[in-house]
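Architecture and fold: a report
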Amino acid sequence: MRLRHIEIFQAIRQTGSISAAAQLLHVSQPAVSKVLQHAEQQLGFPLFLRIRGKLHATPEALELEREVDKVSESLQGVRRLAQSLRREPGHSLRIGATPALALSLLPPAIHEWTGRYPDIACELSSAHSRELVQNLLMREIDVALTLQPPDHPALKAQALASGVLVALAPKGYWPDEDVGQPLPLMALADAPLIGLSSTDPLAARLDSYLEAVEPAPRVRIAVQTYSLARAMVESGAGLAVIDPFTALGASPATTTIRPLAPPLPIILYALTRVAEPPPHTLNDLLQIFSRRAQVQLDHLNLTKV
């Protein structure tokens, strides 16, 4: 199938008729019919059957649709990249961050930065670390804030702040006199722990860290995001070992935070592309991120490691 065939095929699948597909694509109805006929001739089988006035995909077309969707996604990626390349530099800054950082760090930092540069537009987005890496490579964002260094030669990382992972527990789980004190690793023995999904980049580090704990923590719930882990703790479902930025968003009325001992370091990174100079205002923004992140960490008495 040619790209034009794919475009017509998807338009008919979406609208259910040749006339509606023509309107969607802003072309004439005969043009759509001609391209569809040409596609079916090349394939050697029909793509649609008319049933009660509507076009329904044949079984062969449904099989093709899986691969057609992949091609369409790739084309959309090319269009997004082309749009990014056309963007006039210096007039906007696109920032991506993991969900925890987007909620805790971005709002006050961006508010301060836009006060310094009121004429520069700012576009914010939130995604997981792997998606942020892809967004950077596709030039959909200019900088990404993440707790994971990039595993790609086209990207570079700048450390902005450092701290340690913390244990978050429902209020009252620990005695009042222990609150604010480091939590010994062995105190997690047989504890009801909210686990991280095996797909999370920090999961392997955390599992290795907990290997010495006997008996092992009881992990009956595993989550995809630190924010969900925090919410589970707030509901009283158990403890969680999470990053301090996420922990700061927990309600102090229902939860308690303690750093772990020995500490498990965590670093806040700013990711950018290697092969091009960053926007001229980015250095100021990264300084704001660094300062505000360290203030948040110091608020939890988590010193640099």
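Just so it is clear, the model here is predicted, and its values are computed rather than measured. (Residues numbered from 1 in each chain as written. Predicted model: local features only at pLDDT ≥ 70, side-chain atom pairs only at ≥ 80, totals over all residues. Heavy atoms only, no water.)

The next point concerns the overall build of the protein. The secondary structure content of the protein amounts to 11 helices and 13 strands. Since a compact globule built from 305 residues should have a radius of gyration of about 19 Å, the 26 Å found for the protein marks it as more spread out than a globular shape. Over its C-alpha atoms, taken along the principal directions, the protein stretches across nearly 80 × 50 × 35 Å. Across the 305 residues in the protein, those meeting the buried criterion constitute 44%. The contacts in the protein between residues at least 6 apart in sequence include a share of 76% that link residues at least 24 apart. Carbon and sulfur atoms provide 54% of the accessible area of the protein, an area that totals close to 16,100 Å². Taking the average location of the 28 positive side-chain charges in the protein and that of its 29 negative ones, the two points are 7 Å from each other. (Helix = DSSP H or I, 4+ residues; strand = E, 2+ residues; numbered from the N terminus. Rg over C-alpha atoms; globule rule 2.2 N^0.38 Å. Buried < 20%, exposed > 50% of the residue type's maximum accessible area, 1.4 Å probe, protein only. Contact = heavy atoms within 4.5 Å. Areas by Shrake-Rupley, 256 points an atom, 1.4 Å probe, with all protein chains shown as cover. Lys, Arg positive; Asp, Glu negative; His and termini not counted. Charge placed at Lys NZ, Arg CZ, Asp CG, Glu CD.)

Another aspect to go through is the packing of aromatic side chains. In this description, a pair of aromatic rings is defined by centroid distance and the angle of the planes. In total, this model carries three aromatic pairs according to the counting rule given. Measuring from centroid to centroid gives 5.6 Å for F9 and F48, while their planes differ by 40 degrees, and the two rings are tilted. With F9 in helix α1 (residues 3–15) and F48 in strand β1 (residues 48–51), the pair connects residues that are 39 residues apart, well separated along the chain. For F9, a relative accessible area of 2% gives the class buried. (Phe/Tyr/Trp six-rings, centres within 6.5 Å; stacked < 30°, edge-to-face > 60°.)

So, about the pattern of salt bridges. Under the defined criterion, the tally for this structure stands at eight salt bridges. Put simply, E112, R116, R291 and R292 are held in one network by salt bridges that share partners. (Salt bridge = Lys/Arg side-chain N within 4 Å of Asp/Glu carboxyl O.)

Here the domain parsing of the protein yields domain 1 (3–78), domain 2 (87–160 + 270–299) and domain 3 (166–263). In this structure, domain 1 and domain 2 have C-alpha centres spaced 40 Å apart. (Domains from an automatic or database assignment.)

With that settled, consider the UniProt feature "domain: HTH lysR-type" (unreviewed entry) in the protein. Annotation from UniProt places "domain: HTH lysR-type" (unreviewed entry) at residues 1–58. The distance from the first to the last C-alpha atom of residues 1–58 is 16 Å, and the span holds 62% helix and 14% strand. (UniProt positions renumbered as here; feature names shortened; annotations may be inferred.)

What follows deals with the side chain of H5. By secondary structure assignment, the location of H5 is in helix α1. The buried category is assigned to H5, whose relative accessible area is 5%. Apart from the residues lying within four places of it in its own chain, the contact partners of H5 are V35, H38, A39 and Q42.

This part is about the confidence of the model for the protein. Taken residue by residue, the protein gives an average pLDDT of 86. The fraction at 70 or more is 92%. When pLDDT is averaged over each element of the protein, strand β7 (residues 166–170) comes out on top at 95 and helix α4 (residues 59–86) at the bottom at 71. (pLDDT = per-residue confidence, 0-100.)

Our next topic: the packing of helix α6 (residues 106–116) against helix α11 (residues 282–299). Where α6 contacts α11, the two axes come as close as 10 Å, and the packing angle between them is 140 degrees. Considering the relative orientation of α6 and α11, their crossing is right-handed. Residues L106, P108, A109, I110, E112, W113 and R116 of α6 form the contact with α11, whose participating residues are D284, L285, I288, F289, R291 and R292. Grouping the amino acids of the contact of α6 with α11 by side-chain chemistry returns eight nonpolar, no polar and five charged. (Axes fitted to C-alpha atoms, helices over the stretch in contact; angles between N-to-C directions. Left-handed = near helix turned anticlockwise from the far one by under 90°. Nonpolar A, V, L, I, M, F, W, Y, C, P; charged D, E, K, R; others polar.)

Turning our attention to the pairing of strand β2 (residues 54–57). Where a strand is regular, its side chains alternate between the two sheet faces. Side chains of β2 alternate between two faces, with L55 and A57 buried and K54 and H56 left unburied. As paired elements, β1 and β2 share four bridges and run antiparallel to each other. When the sheet's bridge partners are listed, F48 is paired in β2 with A57. Connecting β1 to the antiparallel partner β2 that follows it, the hairpin turn spans two residues, and R52 within it adopts a positive phi of roughly 50 degrees. (Pairing = 2+ DSSP bridges.)

What follows deals with the packing of α1 against helix α2 (residues 18–25). For the pair α1 and α2, interaxial distance at closest approach is 8 Å and the crossing angle is 115 degrees. Crossing geometry of α1 relative to α2 is assigned as right-handed. Contacts from E7, I8, A11, I12, Q14 and T15 of α1 reach α2 at I18, A20, A21, L24 and L25.

Picture the strands of a sheet paired through backbone hydrogen bonds; they go either parallel or antiparallel. Pairing in this open sheet of six strands is mixed, and the strands run β8-β12-β7-β11-β9-β10 from one edge to the other. Each end of this open sheet is capped by a strand with a single partner; those strands are β8 (183–184) and β10 (218–223). Here β7 pairs with strand β11 (residues 239–242) via three bridges, running antiparallel. In the strand pairing of β11, A167 is matched with V241.

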